[in-house]
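Given next are the chains, with one letter for each unit.
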Amino acid sequence: MVGARAEVDMFSKKATWALGLVVVGCGGEKPAAEPPTNDLSKPEVTPPPAASQVDSAAAAASAAAPAPAPVAIGDAVKKYVSESTAAWAGKDLKKAAALYTDDAVIAIAGAGGIEESKIADLEKQRGMYFGSFPDLEMTYTRVVAKAPYAVAEWVFTGTNKGDMMGQKASNKKVGFRGATVITFTPDGKVKRETNYFDMGTMMGQLGLGPKGQPVRAAEAKPSAATEFFLATDADSDAAGRSWLGIAEKGDAKAIAALAADDIVVSNQYMPTDTKGKKALEKELAEGGKAFSEQKNNIVMCVPAGGIVACEYQWSATWKGAFMGMKATGNTGTVHSLDVMSVKDGKITGTVAYGNAMEFAKTFGLMDEKPKDAGKEPAKKDGAKEPPKKDAGKK
């Protein structure tokens, strides 16, 4: 897990939209009627309609306007992937914004939990990345969808050529995985999206993580085409829900029984994958002893074509040693997203997305005092020591 390090918010937490509406009215006494004239050089002037007539006409036009035609979820996700990819590559904020509704919410699993912003903040959000990684690319690898939801997995790649979060350019390459949970409107616009990725992994790849902290190696841009999994009536999320339901009981053997022998668990906030049922069982047993009162509160699951993606909140109390770290006694909640592969009723692989900094902050790892805490500050050259009290005086 990532050590104590302050995270700079990627997105602004608060954004407001200002919408001005100006209504102009005219009034006064009705002027006296002019006598009729036969002067054809003066065109006849038709008075403007009354305000009530304008309002009625506008309401009628609005009522007559047809509602946007429904868009199939498959078409919606393919358009999203295509245009989002182009918008990132072209640094085109207008193209990106066109994918969302005017009141869309864009969220991220940050150190403080789910942090929300509005579409008005899109330029600020992405501007940092455009400047820091001029050659950045967002490559979507796999999408699983069941209306109105979709989960899109991706790999972010680029070279750090510009300053970032107050740090000078490192000229190092990054390549880290993340995923986005998307809620579509019936006409195919994005109403809400929540982004999951580990900020510590990115910072570690840039050489800005805690000294000695292992980190996943930067990945290259994937070359394979995006895989799309669209739900049918036959698809079920039962396997994913069972996996998370048994996991919260801390029963390592029970959850291992649901896993294939060659399962691969790829937690993107960890430096390496866990491979094989035996290794998984050992890891789960340690976690079960360290954390009590575990609870997985499932927000939603999307099943399609042998894939089940579940967004959930994990809560627990840290009571025992874990991965070489002492228990803090804290009770907290961490937001996560698991994408599980299922075959013949067994879980063959999982990819988990979350922000390890949320774990660190929630469970008190950022509250640890530095090693020098409590020590007398070093005396400056020439400074006099304070007079000592006479032990014999009262």
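Everything that follows concerns the structure shown earlier in this document.
Heads up: these notes are all about the structure in this document. (Residues numbered from 1 in each chain as written. Predicted model: local features only at pLDDT ≥ 70, side-chain atom pairs only at ≥ 80, totals over all residues. Heavy atoms only, no water.)

Description of the state of the cysteines
Two cysteines joined by a covalent bond between their sulfur atoms form a disulfide. With the rule as written, the count across this model stands at one disulfide. Bridging cysteine 301 to cysteine 310, the disulfide has an S-S length of 2.1 Å. On the sign convention where negative is left-handed, the bridge of cysteine 301 and cysteine 310, at about 110° about the S-S bond, is right-handed. For cysteine 310, a relative accessible area of 0% translates into the label buried. (Disulfide = S-S within 2.5 Å. Buried < 20%, exposed > 50% of the residue type's maximum accessible area, 1.4 Å probe, protein only.)

Side note on the side chain of asparagine 195
As for its position among the elements, asparagine 195 is in strand β6 (residues 190–197). There is a polar contact of 2.7 Å between the side chain of asparagine 195 and the side chain of threonine 180. A polar contact is formed between the side chain of asparagine 195 and the side chain of glutamate 193, at a distance of 3.4 Å. (Helix = DSSP H or I, 4+ residues; strand = E, 2+ residues; numbered from the N terminus. Polar contact = N/O pair within 3.5 Å; in protein donor to acceptor, adjacent residues only side chain to side chain.)

Regarding the layout of surface pockets
There is about 900 Å³ of room inside the largest pocket. What lines the largest pocket is a set of 40 residues, and nearest its centre among them are Asn267, Tyr269, Glu283, Leu284 and Trp314. The element best represented in the lining of the largest pocket is helix α8 (residues 277–290), accounting for six residues. Grouping the constituent residues of the lining of the largest pocket by class yields 22 nonpolar, 13 polar and five charged. (1 Å grid on protein atoms, 1.4 Å probe; cavity = no way out; pocket = protein on both sides within 12 Å on 5 of 7 lines; lining within 4 Å. Points joined across faces, edges and corners; volume = space filled by probe spheres on them. Nonpolar A, V, L, I, M, F, W, Y, C, P; charged D, E, K, R; others polar.)

Topic: the nonpolar core
The biggest cluster of nonpolar side chains holds 41 residues, and the ones touching the most others in it are Tyr80, Tyr129, Phe156, Phe184 and Met202. Among the elements of the structure, α2 (73–90), β1 (100–110), α4 (122–132), β3 (137–146), β4 (149–159), β5 (173–184), β6 and α5 (199–205) are those that each provide at least two residues to this core. Sorting elements by how many residues they give to this core places α2 first, with seven residues. Here tyrosine 80 is in contact with Thr85, Leu99, Tyr100, Tyr140, Thr180, Ile182, Phe184, Val190 and Glu193, once residues within four sequence places are set aside. Ile255, Ala290, Tyr312 and Ala316 belong to the second-largest nonpolar core, a separate cluster that totals 25 residues. (Core = buried A, V, L, I, M, F, W, Y, C linked by side-chain atoms within 4.5 Å. Contact = heavy atoms within 4.5 Å.)

Considerations on empty space enclosed by the protein
Under the criterion given, the structure shown has two cavities of 30 Å³ or more. If you go around the second largest cavity, the residues you meet are Gly175, Phe176, Arg177, Asp198, Thr201, Gln205, Arg216, Ala217, Glu219 and Gln268. Only β5 and α5 provide two or more residues apiece to the lining of the second largest cavity. It is β5 that provides the largest number of residues to the lining of the second largest cavity, a total of three residues. The residue inventory of the lining of the second largest cavity, partitioned by class, reads two nonpolar, four polar and four charged.

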